[in-house]
Amino acid sequence: MCGIVGYIGKQKASTIILEGLKRLEYRGYDSAGVATQVNGGFELAKKIGRVDGLMKATRAQKLPGTTGIGHTRWATHGGVTDANAHPHISSDQKIAMIHNGVIENYVGIKKFLLTKGYTFQSETDTEVLCNLLAYHYQKEPANAEGSRFLEAVRKTLRHIEGTYGIAVMCADCPAEIVSARKGSPLILGVGDGEYMLASDVSAIISRTQNVVYLKDGEIVHLTAKNFTITTLESEDVSPVIDKVSWTIEAAEMGSYAHFMEKEIFEQPLALENTMRGRFSEDGSTAVFGGLNISAIDFRQVDRFHFIACGSAWHSCLVAEQLIERFARVPVEVDYASEFRYRNIPLSKNALFFAISQSGETIDTLAAMREAQRKGYKVLAINNVVGSTIAREADGGVYQHVGPEIGVASTKAFTSQLLVGAMLALYIGRMRDMSFSSGIEYVKALKGVPDLVRETLKLAPQIKDIANRYAHYHDFLFLGRLTLFPVALEGALKLKEISYIHAEGYPAAEMKHGPIALISEQCPSVFLVSSGEMFNKVLSSMQEIKARKGKIIAIVSANCELPEGLADEVIRIPECHEAALPIIATIPVQLLSYYITVALKLDVDKPRNLAKSVTVE
Ligand code: G6P
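The rules we used
- Residues numbered from 1 in each chain as written.
- Predicted model: local features only at pLDDT ≥ 70, side-chain atom pairs only at ≥ 80, totals over all residues.
- Heavy atoms only, no water.
- Helix = DSSP H or I, 4+ residues; strand = E, 2+ residues; numbered from the N terminus.
- Contact = heavy atoms within 4.5 Å.
- Polar contact = N/O pair within 3.5 Å; in protein donor to acceptor, adjacent residues only side chain to side chain.
- Pairing = 2+ DSSP bridges.
- Near = heavy atom within 4 Å.
- Nonpolar A, V, L, I, M, F, W, Y, C, P; charged D, E, K, R; others polar.
- Buried < 20%, exposed > 50% of the residue type's maximum accessible area, 1.4 Å probe, protein only.

Participant: Give me the environment of alanine 502: which residues, what numbers.
Facilitator: By the element assignment, alanine 502 lies in strand 22 (residues 501-506). As for alanine 502 and aspartate 474, which are separated by 28 residues in sequence, their C-alpha atoms are 5.5 Å apart. Other than its neighbours up to four places away in sequence, alanine 502 contacts Phe475, Phe477, Ala491, Leu494 and Lys495.

In structure tokens, the structure reads:
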């Protein structure tokens, strides 16, 4: 949800910033812009559309300067126009600003600034913040101790309600950037004779692996030679420089056509990384190093609450079923955005899990804070190391799948399914699950990467089906028990990247409404496993067939389907029920991917979406 980049050093800032912005495009791609510091003023280029468009448009404009800031936008306040693109420059030309977040009290501030003679070119909240900083800067005594620019930023931010990750330059302060965060991510890269600021590590990883994860309420002041971190209350902060564990290759597409394709095919490795070192020596249970809660306390939990958004929420629905089935502890799953306002009664020994790939989703973060405010512990299942949710959680599990760049979640989702399955094992083994069932369960999970490898070999068959079905406008995805959340995920994947209307339902529920949609024009994707539900799902398929609906069946290897019932049959390997949702997810990912490719749409950057949603 908007990406920001800043650079200060010896190189041409605009080149480095544009490269960084390209890597942050998954956060928003409505418009992009760069400003550099040149001769006591700013050079500015900004434009609606992608970073590539900005690069082309600015080829003639050299954008010199070794200090600069850049932004890629996901529009909130104000439409997608060149004027609303960032950076914004104050009407007195003193301040240039980029911003990720939402300033909630901008209306009142704007009224005040208008009375002081400030003028506005855009409809954005950011331009208001930028002018408020210009106002405080001109009021700040020139001979004050310390940096007048830094003090003005501090005073400005004290008046702000809402969220921000900002980077600002001042025309009077060559080779200086001030940057701050509250509720939006911000990382400082400490390079060789240079510093970078970014919303995310991927923007700076080509230049340095040394990073400082800034916390809410911290302000970093960069000059060409050093940096200081202080708080809004002017306290000094000693920086902790962390080393990022992955390199630039992980954030590049290699020989794949899209990040989504790469991330789908990376899943065997990603799942191996999620599991690595997380089984007990006797091979009968899972081990988590970072839960920060003793086994005895864990044993006392009488209800688990899972909170998440989007695909992560679907993974919670699977975890719910596995924990209830294997550990016999009740689980509640809530959309994070709803949980916060529902004020549900909570038992004394409840424990929360917040699931978020990015660790920055504001709805999940806000729900997590609400649970913590009530005195509950919240553990995070999260992929991005150092993210806000990871840092504010009381403990948790990192997914370790490397950067996920395609906007549609794939490897992070299956890894969340895996962590959920491992939690069910861990909790189950504390209760009634026997040693031998534990051994069998662990063996099954260890076999998942190979089963995923095998399932990925279905890609050519699924591509062929996708080419033949890409022209349909509506799809149903149907499954039962743990395959119901996979149906929801399949429908979400298809609609988010191909813009085809799709709905996920429990297969039997289909007859209570969605069946009205069935005709030759609305195919159904059935997820079918062997086991107790098999015959019931067959009946649902018959009901569709009787109404001339086309059926694409994703079925476990041993299921025998009546001749002619399904129009297309995709056979996935037989597996343990804890592994099943992961294996069944692979074909629905491939189906939506290849349909989108067939429709020639932008797989990695679907319209209107952003990967990391940092506004409520
Ligand atoms: C956005 C993305 C979804 C994602 C959801 C939650 O809506 O488009 O793909 O599942 O956010 O993201 P998180 O980073 O919290 O898992």
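Participant: Explain the environment of threonine 81 residue by residue, including any values.
Facilitator: The topology assignment puts threonine 81 in the loop between strand 4 (67-73) and strand 5 (88-89). For the pair threonine 81 and lysine 47, spaced 34 residues apart in sequence, the C-alpha separation works out to 7.5 Å. A polar side-chain atom of threonine 81 sits 3.0 Å from the main-chain amide nitrogen of asparagine 84.

Participant: Please give an account of the sheet that holds strand 8 (residues 176-182) that cites residues and values.
Facilitator: What the 7 strands build is an open sheet, ordered 5-6-7-8-12-13-14; its pairing is antiparallel. Every other strand in the sheet has two partners, leaving strand 5 and strand 14 (236-237) as the edge strands with one partner each. Pairing of strand 12 (residues 218-223) with strand 13 (residues 227-231), which is carried by 5 bridges, proceeds in the antiparallel orientation. Directly across from valine 220, in strand 13, lies its bridge partner isoleucine 229.

Participant: Break down the site of the ligand for me, citing the residues and quoting the values.
Facilitator: The environment of the ligand is formed by Cys309, Gly310, Ser311, Ala312, Ser356, Gln357, Ser358, Thr361, Val407, Ala610, Lys611 and Val613. Between the ligand and serine 311 there is a distance of 2.9 Å, counted from an oxygen atom to a backbone nitrogen or oxygen. Among the elements that take part in the shell around the ligand, helix 9 (residues 310-326) stands out by supplying 3 residues, more than any other. Tallied by class, the residues present in the shell around the ligand amount to 5 nonpolar, 6 polar and 1 charged.

Participant: Describe the pairing of strand 25 (residues 568-572), listing the residues and the values that go with them.
Facilitator: Burial along strand 25 is one-sided: the residues Glu568, Ile570 and Ile572 are buried and none of Val569 and Arg571 is. Bridging between strand 24 (residues 551-556) and strand 25 involves 5 bridges; their strand directions are parallel. If you follow serine 556 over to strand 25, its bridge partner there is isoleucine 572.

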